[in-house]
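# Analysis of the macromolecular model
The chain contents come next:
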Amino acid sequence: MPLALGIVLATAGGASLALAMVTQRYALDPTAGVCPDDPDKVLLFGWPLARNLVWLIGIVLYGGANGFYAMSLLHGPLSLLAGCFTSLLLFNLLFARLLLGEALTPPKVTGAGVIMAGVVLCIVATPSEGQVETEFTPTQVE
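Quick look at the overall build of the protein now. If you tally the helices and strands in the protein, you get six helices and two strands. Relative to the globule expectation of 14 Å for 142 residues, the C-alpha radius of gyration of the protein, 19 Å, shows a markedly less compact shape. By principal-axis analysis of the C-alpha atoms, the protein measures approximately 70 × 35 × 30 Å. Put simply, of all contacts in the protein between residues at least 6 apart along the chain, 64% involve residues at least 24 apart. Accessible surface, the protein: about 9000 Å² in total, of which carbon and sulfur atoms supply 71%. Mean positive and mean negative side-chain charge positions of the protein (5 and 9 charges, respectively) differ by 19 Å.

Structure (structure tokens):
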């Protein structure tokens, strides 16, 4: 169970970080979600909010994402959980499409796919517990 929790937390961290970055871009894009009643505000999930507040929400999400990732590292090896966190590339494509209306072009999708394939290969090639020594004496380190 702890490893599964670590994977869930790392993936949630990746998704949160992607949402944070896209939210900040959304807040700074002068053409995105302009409120019809007030051009200085943007519509975030139907609510008119000041651009600075939307950007601040992105910063808070960014902090939460790093909290998820830090908590995940308590439950599994970095080599596995960093790969799960890298799923933020896929989430970034999704959120940019949904919030910013960005096109999912073949180069973007292919690039993300190649990177994720590389991450999967790195995870698969990682030695399992017990195959690599992880504890050393001070004399071995010197």
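On to the nonpolar core, then. By size, the foremost hydrophobic cluster in this structure holds 21 residues, and its most contacted members are Tyr26, Val54 and Leu100. Sorting the residues of this core by element identifies helix H1 (2-28), strand E1 (41-44), helix H2 (51-72), helix H3 (78-85) and helix H4 (88-100) as the ones contributing at least two each. No other element matches H1, which puts six residues into this core. With sequence-adjacent residues up to four places away left out, Leu100 is seen in contact with Val22, Arg25, Tyr26, Ala32 and Phe95.

What counts and how
Residues numbered from 1 in each chain as written. Predicted model: local features only at pLDDT ≥ 70, side-chain atom pairs only at ≥ 80, totals over all residues. Heavy atoms only, no water. Helix = DSSP H or I, 4+ residues; strand = E, 2+ residues; numbered from the N terminus. Rg over C-alpha atoms; globule rule 2.2 N^0.38 Å. Contact = heavy atoms within 4.5 Å. Areas by Shrake-Rupley, 256 points an atom, 1.4 Å probe, with all protein chains shown as cover. Lys, Arg positive; Asp, Glu negative; His and termini not counted. Charge placed at Lys NZ, Arg CZ, Asp CG, Glu CD. Core = buried A, V, L, I, M, F, W, Y, C linked by side-chain atoms within 4.5 Å. Buried < 20%, exposed > 50% of the residue type's maximum accessible area, 1.4 Å probe, protein only.

Keep in mind these values describe shape, not function.
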